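Coordinate analysis (summary)
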Amino acid sequence: MKTVFITGASRGLGLEFSKQYLAAGHRVIATARNPEQSEGLQRLHQEYGDNLKTYALDVTSEPSRNKVSEAVGDRVIHLLINNAGYYGNSNTLGKLDEAEWARVFHINCIAPIKMVELLRSNLVNAGSATVAMLSSKMGSMGDNTSGGSYIYRSSKAALNAASKSLSIDLAPEQIKVVALHPGWVLTEMGGPNALIDTTTSVSGMRKVIEGLKPTQSGDFIAYDGTLLPW
Ligand SMILES: NC(=O)c1ccc[n+]([C@@H]2O[C@H](COP(=O)([O-])OP(=O)(O)OC[C@H]3O[C@@H](n4cnc5c(N)ncnc54)[C@H](OP(=O)(O)O)[C@@H]3O)[C@@H](O)[C@H]2O)c1
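Procedures and definitions
- Residues numbered from 1 in each chain as written.
- Predicted model: local features only at pLDDT ≥ 70, side-chain atom pairs only at ≥ 80, totals over all residues.
- Heavy atoms only, no water.
- Helix = DSSP H or I, 4+ residues; strand = E, 2+ residues; numbered from the N terminus.
- Rg over C-alpha atoms; globule rule 2.2 N^0.38 Å.
- Contact = heavy atoms within 4.5 Å.
- Areas by Shrake-Rupley, 256 points an atom, 1.4 Å probe, with all protein chains shown as cover.
- Lys, Arg positive; Asp, Glu negative; His and termini not counted.
- Charge placed at Lys NZ, Arg CZ, Asp CG, Glu CD.
- Axes fitted to C-alpha atoms, helices over the stretch in contact; angles between N-to-C directions.
- Left-handed = near helix turned anticlockwise from the far one by under 90°.
- Nonpolar A, V, L, I, M, F, W, Y, C, P; charged D, E, K, R; others polar.
- Core = buried A, V, L, I, M, F, W, Y, C linked by side-chain atoms within 4.5 Å.
- Buried < 20%, exposed > 50% of the residue type's maximum accessible area, 1.4 Å probe, protein only.
- Expected span 1.5 Å × (residues − 1).
- Bend = angle between axes of the 7 residues up to and from the residue.
- Polar contact = N/O pair within 3.5 Å; in protein donor to acceptor, adjacent residues only side chain to side chain.
- Pairing = 2+ DSSP bridges.
- Right-handed = clockwise from strand over helix to strand, strands pointing away.
- Near = heavy atom within 4 Å.

Quick look at the overall build of the chain now. Broken down by element type, the chain carries six helices and seven strands. Reading the helices (α) and strands (β) of the chain from amino to carboxyl end gives β-α-β-α-β-α-β-α-β-α-β-α-β. Its C-alpha radius of gyration of 17 Å places the chain within 12% of the 17 Å reference for a compact globule of 230 residues. Seen along its three principal axes, the alpha-carbon backbone of the chain occupies a region of about 50 × 40 × 35 Å. Taking the contacts inside the chain whose residues are at least 6 apart along the sequence as the reference set, 68% of them involve residues at least 24 apart. Here the chain has roughly 10900 Å² of accessible surface; of this, 51% comes from carbon and sulfur atoms. Side-chain charges of the chain comprise 22 positive and 21 negative groups, with the mean position of each set lying 3 Å from the other.

Time to look at the packing of helix H1 (residues 12-23) against helix H6 (residues 198-211). Running from N to C, H1 and H6 point in directions that differ by 65°, and their axes come no closer than 9 Å. Like other packed secondary-structure pairs, H1 and H6 cross with a definite hand, here right-handed. Within the contact between the two elements, H1 uses Gly12, Leu13, Glu16, Phe17, Gln20 and Tyr21 and H6 uses Thr198, Thr199, Ser201, Val202, Ser203, Met205, Arg206, Ile209 and Glu210. Here the residues of the contact of H1 with H6 are counted per class, giving six nonpolar, six polar and three charged.

Residues Phe17, Tyr21 and Ile81 are the most contacted members of the largest nonpolar core, which totals 28 residues. Secondary structure elements with two or more residues in this core: strand E1 (3-6), H1, strand E2 (27-32), helix H2 (39-48), strand E4 (79-82), strand E5 (129-134), strand E6 (175-181) and H6. Among the elements that make up this core, the one with the highest residue count is H1 (five residues). In this view, Tyr21 contacts Val4, His26, Val28, Leu79, Ile81, Arg206, Ile209 and Glu210; residues no more than four positions away in its chain are not counted. Ile29, Ala84, Ala111 and Leu159 belong to the second largest nonpolar core, which has 25 residues in total.

The next thing to look at is helix H4 (residues 98-124). Here H4 contains 27 residues, and its C-alpha end-to-end distance of 37 Å stays within 8% of the 39 Å for a straight helix at 1.5 Å per residue. At Leu118, H4 shows its maximal kink, close to 50°. Listed as buried for H4 are Glu100, Val104, Ile107, Asn108, Cys109, Ala111, Pro112, Met115, Val116, Leu119, Asn122 and Leu123. Looking at the packing, one finds that the buried side of H4 touches E1, helix H3 (62-72), E4, E5, helix H5 (150-169) and E6. Its side-chain oxygen placed 3.2 Å from the backbone nitrogen of Ala99, Asp97 serves as the N-cap of H4.

Let's shift gears to the pairing of strand E3 (residues 52-56). Summarising the sheet, E2 and E3 pair through five bridges and their orientation is parallel. Its bridge partner being in E3, Ala32 is matched across the sheet by Ala56. At this point the chain moves from E2, through H2, to the parallel E3, and the crossover so formed is right-handed.

For the rest of this paragraph, the subject is the site of the ligand. In the region of the ligand, 27 residues are neighbours, and Ser10, Arg33, Tyr152, Val185 and Thr187 sit closest. A distance of 2.6 Å separates an oxygen atom of the ligand from a polar side-chain atom of Ser10. Backbone polar atom of Gly85 to an oxygen atom of the ligand: 3.3 Å apart, as the coordinates give it. Its free accessible area being 890 Å², the ligand has 93% of it covered by the protein chains.

Next up on the list: the environment of Leu159. Within the secondary structure, Leu159 sits in helix H5. A relative accessible area of 1% places Leu159 in the buried class. Distance in space between the C-alpha atoms of Leu159 and Gly139 is 8.4 Å, their sequence separation being 20 residues. Leave out the neighbours within four places in its chain, and Leu159 touches Asn108, Cys109, Pro112, Ile113, Met133, Leu134 and Ser135.

The next point concerns the pairing of E6. Within E6, seven of the seven residues are buried, which leaves it mostly tucked inside the rest of the structure. In terms of strand pairing, E5 meets E6 through six bridges, oriented parallel. Bridge pairing in E6 links Val131 to Val177. Once the chain exits E5 it traverses H5 before rejoining the sheet at E6, and the crossover so formed is right-handed. One ladder, built from three bridges, connects E6 with strand E7 (residues 220-222); its direction is parallel. Bridged to Ala179 within E7 is Phe220.

Right, dumping it as structure tokens:
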């Protein structure tokens, strides 16, 4: 039985990660800005009792992050899933909004790295741990054939760059880091035209996480196991 810490667990991929890890017999620390307002998390509470702990966490707020860290204390964390993310408005050239850009960067790039800083000792105490960053193929330069999406693309590209550094810096502490592309998924962010459901995406990503070798730490991998270009 392992302990998995998940951000942005109120809905979409974060909720599905919580559901699947609980169903597989693991302990889950599910965090969300308003966990009590998430029907999905409330249902999981009823089904899994003490194996699920929920905490309020706005990943961009230092006091909120510190409060969760205090509540978690020195509990061992085997897997940190930095899932919380935001696409942002005004992604089009000519309409780019600086404040929105900063907001997206804070949520998608700065906060996940701060979460690793915050929970580093909990991960070290696992003996061997993994950090999964929910990135996106939209952050790939090699894959960019359609342009646009300046705010979102740049935030995920920056996350990828930082994830690579983390993989190098944390290797001596037996912590693996992976940047994941979940596919184009039917969630609030993915919208109704997306190609796959959350069950398919999350089962695929779990397989990638579980099979990740130390030599693959720092890689950028899709839910179906494909290695992606930077
Ligand atoms: N869906 C796709 O096709 C797709 C493709 C590529 C990558 N991704 C990535 O996958 C991850 C999950 O996406 P999703 O599709 O599940 O999106 P979603 O349905 O829009 O869910 C996003 C989650 O992030 C949370 N969140 C946003 N800002 C937050 C903050 N400041 N603090 C804490 N939580 C915050 C939301 O919580 P609230 O309930 O509080 O708003 C929500 O739980 C994201 O990182 C996204 O960029 C998704």
